[in-house]
Amino acid sequence: MEAAPPEKADLEPLRRQASPPQVHPDLSGAKTKSLNVMFNYNGHSWDAYEVLGVPAGASLKLVTEAYQTAIRRSDKESLEFLETAYKAILNKSA
């Protein structure tokens, strides 16, 4: 017994529903969340993560370790500056 020839409808590729084109968040107008924490010290703006030498948005554990290392290595004049940076990150995460 021979197989019946395939129907024309069976030969057409399945049509997929087209999804809307993806747009980069910078171009879509959507507001993005900033990971940086800026603070003012002595009349200047500083990025707290940069001051402590960690990537923006780093975990509190990593930030605390970096802060403790920085205060051990710095002189007494820098302690207030480092503490201000550390507190800025803590206040943002709270």
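Residues numbered from 1 in each chain as written. Predicted model: local features only at pLDDT ≥ 70, side-chain atom pairs only at ≥ 80, totals over all residues. Heavy atoms only, no water.

1. Notes on the pairing of strand β2 (residues 44-47)
What counts, and what does not: By the convention used here, strands pair only if DSSP detects at least 2 bridges between them. Only runs of H or I of at least four residues qualify as helices and only runs of E of at least two qualify as strands under DSSP, and these elements are numbered from the N terminus.
Pairing of strand β1 (residues 38-41) with β2, which is carried by four bridges, proceeds in the antiparallel orientation. From the neighbouring strand, N40 faces β2, where its bridge partner is S45. Count of turn residues in the β1/β2 antiparallel hairpin: two residues, of which N42 carries a positive phi of about 55 degrees.

2. Let's talk about the nonpolar core
Where we set the bar: By nonpolar core we mean a set of buried residues, namely Ala, Val, Leu, Ile, Met, Phe, Trp, Tyr and Cys, connected to one another through side-chain atoms within 4.5 Å. Between buried and exposed lies partly exposed: a residue is buried under 20% and exposed over 50% of the maximum accessible area for its type, with that area taken using a 1.4 Å probe on protein chains only. The contact definition used throughout considers only heavy atoms, calling two residues in contact when any of these lie within 4.5 Å.
Core analysis: the biggest nonpolar cluster contains 17 residues, and A48, Y49, L52, V54, V63 and I89 have the highest contact counts within it. Among the secondary structure elements, those contributing two or more residues to this core are α3 (48-52), α4 (60-73) and α5 (79-93). Ranked by residues supplied to this core, first place goes to α5 with six residues. Every residue in contact with Y49, bar those within four places of it in the chain, is listed here: L35, N36, V37, V54, P55, A56, G57, A58, V63 and I89.

3. Side note on α4
Inclusion rule: For a helix, the expected span equals 1.5 Å multiplied by the residue count minus one. Working definition: the arc comes from the directions between the helix axis and the C-beta atoms, pointing outward to the latter.
An ideal rise of 1.5 Å per residue puts 20 Å on 14 residues; α4 measures up with 20 Å between its terminal C-alpha atoms. Residues of α4 that are buried: V63, A66, Y67 and A70. Summarising the axial view, the buried residues of α4 lie within an arc of 105 degrees, below the 170-degree limit, and thus occupy one face. Turned more than 90 degrees away from the buried face of α4, the exposed residues are K61 and R72. Looking at the buried side of α4, the elements it contacts are α3 and α5.

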